[in-house]
Structure formats: structure tokens, C-alpha cells
Amino acid sequence: MEKITLDTSLSDAMKNPMAKDLFDAITSLFDIDVNKFKKSKVAKLKVKSIKSLTAGVIDKKTLKYACELLNSEKNPILDDRSAKIEKKWWKEAVFYQIYPRSFKDSDGDGIGDIRGIIEKLDYLKELGVDCIWCSPMYKSPNDDNGYDISDYYDIMTEFGTMADFDELLDEVHKRGMKLIMDLVINHTSDEHEWFEQAKQSKDDEYHDYYIWKDDDGTKTPPNDWQSFFKGSAWNYYENLDQWALHLFSKKQMDLNWENPKMRQDIYKMINWWLNKGVDGFRMDVINFISKWQNFPNSVPLVQHIFGFSGTEWYFYGPRLHEFLHELNMQAFKGRDCVSVGECGGLGIETSKLLTADNRNELSMVFNFDHLDNLPHGRYDDYHYDFKIALKHLVKWQLNYGNRCWPTLLFENHDNPRITSKADKYYAFREEIAKLCATVQLTFRGAPFIYQGQEIAMANGDFKSVEDLRDVEAINMFVELVEKGKTPQEAFEKVMCGTRDHARTPMQWDDSKNAGFTEGTPWIKVNKDAFVYNVKDELTRDDSPLNYYKKLIKLRKENEALIYGTFELIKSNRIDVQDSDILCFKRELDGEKFIVEINMVRRTRKRYIDTENLELIASSYDYPAKTLRPYECNIYKTVY
Ligand code: ISL
């Protein structure tokens, strides 16, 4: 691929996958029509003219950095328009994420556990789940609820024993379901024996398993990279006079992927779990494993835009493809397993390069850009708009090609509940839950349902910072108070986006603690559990839970909803992408489904003719001439 320099034309630069993704992000943020831009005179200008186009806001130095970053991608844009879809079990599967700490407690200590999960397997099977992903269950001091692993070969004490795990795996398989583990291999806990040894001496055999920099005599961190959980990303170790990198909490130390011995130890561990019979992995922040080895300071403009420094030097590092390919060859090759990389921030073209079925890296990636209406972020107080979110998802549907498979999610353990995000006053709580179900089960891709999403669970009703448990939320609160906010102001800000909202106990019934535990729950149970709980929703025909069940069944019975083409339906009057209604067709071997979604909270005129269509599922329990708030309908064409 041609190297991008300051003299390359903008249109030529866009042949680079990273540049195209970047351009895509900018155009959607400013609502620029890409096709018009490509034909415009501006596209013919050189990269260096961005300086004058932006009145100097983007200076020459930033542009040089940008060229350096873009040139690190050696692969051209993947052209897969004529490819045939390869059928795989994980393309057909409905995934369900369990956050074990909050799912079901079996022994009354207030913390969910493995035996609790076993108790609920029949419920998941009934729902139609094919594959369960459990957030980390390995041994951990729990600085970040298990995302800080101290022993990859052992189970967290609160969750049970390895024998419990083996039983879980067995019980899952007995029911014809699959189980995937959470694989956290960008970092380990500082209590992992590798790090315990590494910090003893520079000569220790494990020292180079982590990322160290000598102090330059100033006792200041080696660069300005920040930790996602506040403060510098470097810890100082006095005995070594060295700094060690941690992109997350102070107890989550980044592994040095440049070290081949460390990589071999990781592959050995992955093979150990696969040999045990697990069906694959969700891979935590996997796009962060390759860092630019000169560890540069952040680019000021990027820092200014994101209010965060450093990510540009590791979010898609120079050896990422190489490491993932190696991992694939040494652990996944020849096995029918799935790997889902958590790759926040990556765009369509780079994600394609990570997941195309002929590249042998990952099976799928998670992208989260639709979970907030950019430029709003998770901690902003704003009204979430499905129109913006679905427009983004549709773009992936139309451009992701046949060699790659999208993931479809609205919730996970790191984000507030969608019902609360899209509707603070809960006027349309169930309608919103059903809209998400419709998108996840009728778009092309692998649906990932997060525990409680199927019963329309909402945000936690925390009253003060004492109710919060998450390291990110607590550190953020402390920092805001240090910067001069009152505790009340700081709490309100944290409440907009705390990850604890998704971590309140699963609501099983209307008994004490929602049937989650007999003891004292580790985090507050939501008060609304007496209305929103599994037991009640199972008996209510029009409940979100029964809607999920119905659509899962529909998807399983109709391949068109899995492998079918995805095509927007445009009327003469409106381009659907600009309207309040999203309408699309899924088609396979002559079998056609039409889906209409009212993306807004207002009643809207229907614009497709439904006369020759058979209504087979609706989020409302009786039909109407107009589309009611967030109404979704699925039709089949009748011949
Ligand atoms: O919440 C975020 C930062 O404010 C996200 O960037 C999040 O940290 C990111 O998506 C990575 O998440 C994963 O790795 C973290 C862990 O805390 C999260 O729970 C996990 O999903 C570190 O292991």
C-alpha cells in the first residue's frame, strides 16, 4: 500500500483502512454526506492542506503524527463484496452475558456464584440462549471485579471451586448450550505471581513480562498517558527506580506482548481452557495489546478532543494483527471455537481486517460507538436518541460485507441500562426494551443479551457514593471532589454513567432481595424488582421477557433472519435513514421479512403498504393505523 505523506491527496489517503474509519467517524459526527465529499474539490486537496482547512487547529506536527499512525496499517481495505457467507454456529447463536457476581447467589454470602448460575441454566435454555459468556471467574483480588486476574488457572473464591466450574461446563453442554470465558490478557492483577516476581528485580525472569521504563531522574512518569480509571497510567517502584504501565487500575498491570515467552505462556493457558472444553472467549480490550514502542506523549489535539491522553498509541498498535494471528494459530486453529474481541473505538474497515474469515485473527468484535450519541459520552446527562444509534448500526449492516459478522448489543456490564438511558422518566420502558430486542434479533449479526435486559431492568437507585462499588466510579468521584465539585455535584455526575447501574442483582422474583440472595447483597437491589422480575414477566403475555422469547424462536426458525441480506426500504417520499422510521428487508432464498421500527417517542405515520404482508410479531399487542412510540413490527411477505 502506498505510504501516506503530507503530499498525498485526501482521496488517496482514504484508501488506507484506518484513514477511512477516521473519515467515517468525522463525517457521521458532522453529518457530512460521504459521497458528495468524495466528488468535491476538497477530496483532491493534499493532506497538508488540512492545516489551512481547519484554520491551523490541526497543525503540521499533528498531521505528521497522523501519517505515522496511518502508515502502521500495512493491509489495504478489504474488498469482499462477492464473498459467500461461511456458516458457523456462532453466527447463528444467541449469546447471553452473565455478570456472575450479580446473577444468583447460592450460598447466602450476598455474592453471585457458579452454583447459582447452574440453578438458572434451565431458565436460559427456555429463553432460547445458545451460548453463555461469563464475565471473569478466575482468581482475583477484585480491584476491578475480576478483570484483575491473579491466577488464570484457578477460580475466584467467592464464586466457587474448579469442580463447580467443571460441573457448570458439563451442565451447559448437557443442555446443548455453549460456554465462553472472559479472557483478560492485556493485563494481570499486580497480585499475579508473574508480577509479584517481576517487581522484585530487573533480572528476574518475569520482569520483562510487564512494561517498565527507567526513571529519568525526575521522578515523573515516562509519558503523559492516563489510566482509564483516573490519574497517570504509570506506577513507580522505588526498589527498581522504574515505572510500570497500567492502562486501567493501579492494580491492573499491562503485559508486555513484545516478549515471546510471555505470549507462549498466555497461549498455553488459553489451550488449557480450550482443552477443558470451553467454547471460546470474549477477549477484554484486546485491541490494546500492541503499544508503540517509543511510548510517545499523546497528540495534543487528540487529548483535547477526548479529554484523555495516550490511546492513539495503543488502540490499534503496529503489531496487533501479528499478535492476534499468532494467537489464533497457536490456540484456536483447528478448533470450532469463537473469539469475540472487545475493540471499542475501531471502525468498520479496521474491524474487517481483524475478523474477516480468511484472515485467521478474531471471529467478531464488539464496537460500542452506538451506545452513546457521540460526541456525548457515558457520563453526560442527555437524552439518548435511537435514530442516531440505529443509523450507526445500519451503516455496519450495509458495509461490513460477507466475510465478517457484526455483534449486536445495547447493554453490558460497563454501561448504564438502555431503558434508563433512552427514557429517564420510564414512560416507555417496555417499548424501549422491545425495540432493542427487535434490532438484536432481526438485524444481521450475533445478538448479545446482557443479564436483566430481557426483563427491561433499569439503572440502580443509588443514593450516595457509599452505595457505589465500582473502582472507576469511586475514583472519578474522588477526582471530581478534589477538583472542587461538591460531593453532591460529583455524585450526580458519576450517576449519569456509572457501570454499577448494570451490576445490580438480577431480579428473579418479588421476594426479599429479588430472589438473588438470602444474605446481604454486595450491591443494592433495585426497588422496582417487585414489578420487573423474571417470575412475573414469565406469566405476562406482553412482557419484554416473552417478547424476547418469541423473537429468539422466530430467528431460530427462519434462516432469512440470520443469513438473509439486509436491505433498507426507501419510500418515494423519504429516505428512511433520515426519517423517524427504520424499515428494512431480510431475504434469503425467496423468503422475505420486513421490519418496521418507529425510532422515536412520538406517534408516526406508517409509510409502507402492509396489505400483502402478514404481521408475525409486534411490540404492541394490537395493530393500529399509525406507528405508536417505539413500535416495532415484523412482517412476512405473502404470495
Ligand atoms: O468503561 C470504560 C472506561 O471508562 C471503557 O473504556 C472500558 O473500560 C473498556 O470498554 C474496557 O472494558 C473492559 O476492560 C476493563 C474492565 O474494567 C471492563 O469491565 C471490561 O469490560 C479492564 O479490564
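Since we're looking at a predicted model, the values are computed, not measured.

Analysis parameters
Residues numbered from 1 in each chain as written. Predicted model: local features only at pLDDT ≥ 70, side-chain atom pairs only at ≥ 80, totals over all residues. Heavy atoms only, no water. Core = buried A, V, L, I, M, F, W, Y, C linked by side-chain atoms within 4.5 Å. Buried < 20%, exposed > 50% of the residue type's maximum accessible area, 1.4 Å probe, protein only. Helix = DSSP H or I, 4+ residues; strand = E, 2+ residues; numbered from the N terminus. Contact = heavy atoms within 4.5 Å. Near = heavy atom within 4 Å. Polar contact = N/O pair within 3.5 Å; in protein donor to acceptor, adjacent residues only side chain to side chain. Areas by Shrake-Rupley, 256 points an atom, 1.4 Å probe, with all protein chains shown as cover. Nonpolar A, V, L, I, M, F, W, Y, C, P; charged D, E, K, R; others polar. Pairing = 2+ DSSP bridges. Axes fitted to C-alpha atoms, helices over the stretch in contact; angles between N-to-C directions. Parallel < 35°, antiparallel > 145°, perpendicular 65-115°, else oblique. pLDDT = per-residue confidence, 0-100.

What follows covers the nonpolar core. Phe-95, Phe-165, Ile-185, Ile-266, Ile-270 and Phe-386 are the most contacted members of the largest nonpolar core, which totals 175 residues. It is helix H11 (residues 260-276) that provides the largest number of residues to this core, a total of 7 residues. Among all residues touching Phe-165, those that are not within four sequence positions of it are Ile-114, Met-137, Ile-155, Leu-179, Met-181, Trp-273, Lys-276 and Val-278.

Right, let's talk about unusual backbone geometry for a bit. Here the residue pair Leu-374 and Pro-375 is connected by a cis peptide bond, since its omega of 10 degrees sits within 30 degrees of zero. As for its placement among the helices and strands, Pro-375 is situated in the loop between strand E13 (364-366) and helix H15 (386-399). Backbone geometry places Lys-230, a non-glycine residue, at a positive phi of 85 degrees. Here Lys-230 lies in the loop between strand E7 (212-214) and strand E8 (234-237).

Before going further, it helps to examine the site of the ligand. Near the ligand lie 16 residues; those nearest to it are Asp-144, Asp-284, Arg-378, Asp-414 and Glu-472. His-187 places a side-chain nitrogen or oxygen 2.9 Å from an oxygen atom of the ligand. The separation between an oxygen atom of the ligand and a polar side-chain atom of Arg-282 is 3.0 Å. A total of 490 Å² of accessible area belongs to the ligand in isolation, and the protein chains cover 86% of it. Grouping the amino acids of the shell around the ligand by side-chain chemistry returns 4 nonpolar, 3 polar and 9 charged.

Sheet strands associate in pairs through backbone hydrogen bonding, adopting either a parallel or an antiparallel arrangement. Spatially, E16-E17-E18-E20-E19 is the arrangement adopted by the 5 strands of the open sheet, whose pairing is antiparallel. Two strands close off the open sheet at either side, each with one partner strand: strand E16 (565-568) and strand E19 (613-618). On average, adjacent strands in this sheet sit at an angle of 25 degrees to one another, irrespective of strand direction. Strand direction decides the pairing type here: strand E17 (residues 581-588) and strand E18 (residues 591-598), joined by 8 bridges, are antiparallel. From the neighbouring strand, Glu-587 faces E18, where its bridge partner is Lys-592. Together, E19 and strand E20 (632-637) form the strand contacts of helix H21 (residues 544-557), whose direction differs from that of E19 by roughly 135 degrees.

At a minimum axis distance of 11 Å, the contact between helix H9 (residues 162-174) and H11 shows a crossing angle of 55 degrees. Comparing their axes, H11 and H9 come out oblique. Contact residues: H9 offers Met-162, Phe-165, Asp-166 and Leu-169, while H11 offers Trp-272, Trp-273 and Lys-276. Here the contact of H9 with H11 is built from residues that sort into 5 nonpolar, no polar and 2 charged.

With that settled, the discussion passes to the confidence of the model for the protein chain. With 99% of its residues at a pLDDT of 70 or more, the protein chain has an overall mean of 95. By mean pLDDT, the top-scoring element of the protein chain is strand E1 (residues 95-98) (99), and the lowest-scoring one is helix H3 (residues 34-39) (80).

Burial runs high along E20: 5 of the 6 residues are buried. As judged from the 5 bridges shared by E19 and E20, these two strands associate in the antiparallel manner. Directly across from Leu-613, in E20, lies its bridge partner Thr-637.

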